[in-house]
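Below, each chain spelled out in residue letters.
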Amino acid sequence: MESGEATTILSLSIADLTALLMMGLTFVTTIANILLWISTRQTVLLLLGQVQHQVASGYSEAQRNIVDAHRDLFFQILNNSALLERFAKANGLNPAEWELKKVSSFLVNQVMIGFLNFRNGIICSSHFEGFKRDAQDVFSYETVRSHWQKVRLAHSEEFRRFVDTELLWREDGAT
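Please read all numbers here as calculations on a predicted model, not as lab measurements.

Criteria and cut-off values
- Residues numbered from 1 in each chain as written.
- Predicted model: local features only at pLDDT ≥ 70, side-chain atom pairs only at ≥ 80, totals over all residues.
- Heavy atoms only, no water.
- Patch = residues over 30% accessible without salt bridge, like charges linked within 9 Å, V, L, I, M, F, W, Y side chains within 5 Å.
- Areas by Shrake-Rupley, 256 points an atom, 1.4 Å probe, with all protein chains shown as cover.
- Salt bridge = Lys/Arg side-chain N within 4 Å of Asp/Glu carboxyl O.
- Helix = DSSP H or I, 4+ residues; strand = E, 2+ residues; numbered from the N terminus.
- Buried < 20%, exposed > 50% of the residue type's maximum accessible area, 1.4 Å probe, protein only.
- Phe/Tyr/Trp six-rings, centres within 6.5 Å; stacked < 30°, edge-to-face > 60°.
- Lys NZ or Arg CZ within 6 Å of the ring centre and 35° of its normal.
- pLDDT = per-residue confidence, 0-100.
- Contact = heavy atoms within 4.5 Å.

Concerning a nonpolar patch on the surface
Right, so step 1: Together, F27, V28, I31, I34, L35, W37 and I38 make up an exposed nonpolar region whose accessible area comes to about 710 Å².
Right, so step 2: Along the polypeptide, I31 turns up in helix α1 (residues 2-78).
Right, so step 3: Using a relative accessible area of 35% as the deciding quantity, one classes I31 as partly exposed.

Written as structure tokens, this is what we have:
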């Protein structure tokens, strides 16, 4: 009987050992899967952030291209005196006033591109502060302020709020 009891105890020990080993492997596999899931999730979040930044960069670039094309088109007219004269006459414009209006438009659009680059995370806040001071100077010009009042509704609410509260606010206090 003693040898049968020893065999049973030994077989229980092997079965218990096998069960413990399987439980340990299952535990390790579960932990590894959780860590893999966390790593995969963080990688996906990082990639999502990169895609969002790329979309924002693309949007800023597209806006810059539109502004550049606009500026190039009007520079073609401004730099060709015969064309400028015919264009102004055909549209009942004073060439000197129209030229100032276009320069003011270029300046407003340039400020808008800087604002979009900041909002889209292309430039950091410390660089944007210097840009904002330059933009305040741009908006201190009478021709730019006058042009802004005519075109402000064509711009986004966010950009209008930026110009009105961050760039023009000091004008109200100064006058």
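Read on, since the account is not over.
Let's talk about the packing of aromatic side chains
Right, so step 1: Inspection of every chain in the model, using the stated rule, returns 11 aromatic pairs.
Right, so step 2: For the pair F87 and W98, a centre-to-centre distance of 5.0 Å together with 50° between the ring planes defines the contact as tilted. In this pair, F87 sits in helix α2 (residues 81-90) while W98 sits in helix α3 (residues 95-119), placing the two residues 11 residues apart along the sequence.
Right, so step 3: Taking 5.5 Å as the distance between ring centres and 50° as the angle between the ring planes, the aromatic pair formed by F115 and F159 counts as tilted. Note that F115 is positioned in helix α3 and F159 in helix α6 (residues 157-167), a separation of 44 residues in sequence. Judged on exposure class, the residue F115 and its partner F159 are both buried.
Right, so step 4: Taken together, the ring pairs in this structure connect F115, F118, F128, F131, F139, W148, F159 and F162 into an aromatic cluster.
Right, so step 5: The positively charged end of K102 is found above the aromatic ring belonging to F74, 4.3 Å away from the centroid.

Let's talk about the confidence of the model for the protein chain
Right, so step 1: Looking at the protein chain, pLDDT values average 86 and 89% of them are 70 or higher.
Right, so step 2: Contacts for the low-pLDDT stretch residues 171-175, under 50 throughout, to residues beyond four places or in other chains number two contacts.

Some thoughts on the pattern of salt bridges
Right, so step 1: Across all of its chains, the model carries 10 salt bridges by this definition.
Right, so step 2: A salt bridge links E129 to K132; its shortest N-O distance comes to 3.5 Å. Taken as a pair, E129 and K132 lie in helix α4 (residues 125-138) at a separation of three residues, close to a single helical turn.
Right, so step 3: Here E129 falls in the partly exposed class, since its relative accessible area comes to 36%.
Right, so step 4: In this structure, the salt-bridge partner of R161 is E157, at a minimum N-O distance of 3.4 Å. Of this pair, R161 and E157 are both found in helix α6, four residues apart, which corresponds to roughly one turn of the helix.
Right, so step 5: For E157, a relative accessible area of 44% corresponds to the partly exposed category.
Right, so step 6: One salt-bridge network, held together by shared partners, links E61, R64, D68 and R71.

Comments concerning the environment of N109
Right, so step 1: Here N109 lies in helix α3.
Right, so step 2: Relative accessible area serves as the criterion here: at 13%, N109 is assigned to the buried category.
Right, so step 3: Sequence separation of N109 and H155 is 46 residues, and the distance between their C-alpha atoms is 9.7 Å.

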